[in-house]
Amino acid sequence: MNCLQAQAMFNLFIDDKLEDDQLLDFIKHIKNCPHCQEELEVYYTLLTGMKQLDAMLPLSNNFS
């Protein structure tokens, strides 16, 4: 697995939707790639932070 393939799986990993074989390859890559480890941490932090904000605030229908 290369970095682009791993990064394409960030959402699936965070949502616990990777198949077992994909998960093993993903974890193996993340453990051995400091760049992807850092990217995953940032992505996870941003995604979970946005989800928490969305849960607390009503979404406006007026985006203008």
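A quick note: this is a predicted structure, and the numbers were derived from the prediction, not measured.

Conventions used here
- Residues numbered from 1 in each chain as written.
- Predicted model: local features only at pLDDT ≥ 70, side-chain atom pairs only at ≥ 80, totals over all residues.
- Heavy atoms only, no water.
- Core = buried A, V, L, I, M, F, W, Y, C linked by side-chain atoms within 4.5 Å.
- Buried < 20%, exposed > 50% of the residue type's maximum accessible area, 1.4 Å probe, protein only.
- Helix = DSSP H or I, 4+ residues; strand = E, 2+ residues; numbered from the N terminus.
- Contact = heavy atoms within 4.5 Å.
- Disulfide = S-S within 2.5 Å.
- Expected span 1.5 Å × (residues − 1).
- Arc of directions from axis to C-beta.

A. Representation of the nonpolar core within the structure. Counting eleven residues, the largest nonpolar core is built from A6, M9, F10, I14, L18, F26, I30, C33, C36, L40 and L47. Within the residue set of this core, elements represented by two or more residues are helix 2 (10-14), helix 3 (20-32) and helix 4 (34-56). No other element matches the three residues that helix 4 contributes to this core. Apart from residues lying up to four places away in sequence, F10 is in contact with F26, I30, C36, E39, L40 and Y43.

B. Spatial organisation of the state of the cysteines. Under the definition given, this model contains zero disulfides. Free cysteine C33: the closest other cysteine sulfur is in C3, separated by 3.6 Å. On the basis of relative accessible area, C33 is assigned to the buried category, the value being 11%. Left without a disulfide partner, C36 is nearest to the cysteine sulfur of C3, which lies 3.6 Å away.

C. Just helix 3, in detail. With 13 residues, helix 3 should cover 18 Å at 1.5 Å per step; its first-to-last C-alpha distance of 19 Å lies within 8% of that length. For helix 3, the set of buried residues is F26, H29 and I30. The buried residues of helix 3 occupy an angular sector of 100° when the element is viewed end-on, so they sit on one face. For helix 3, the exposed residues lying more than 90 degrees away from the buried face are D20, D21, L24, K28, K31 and N32.

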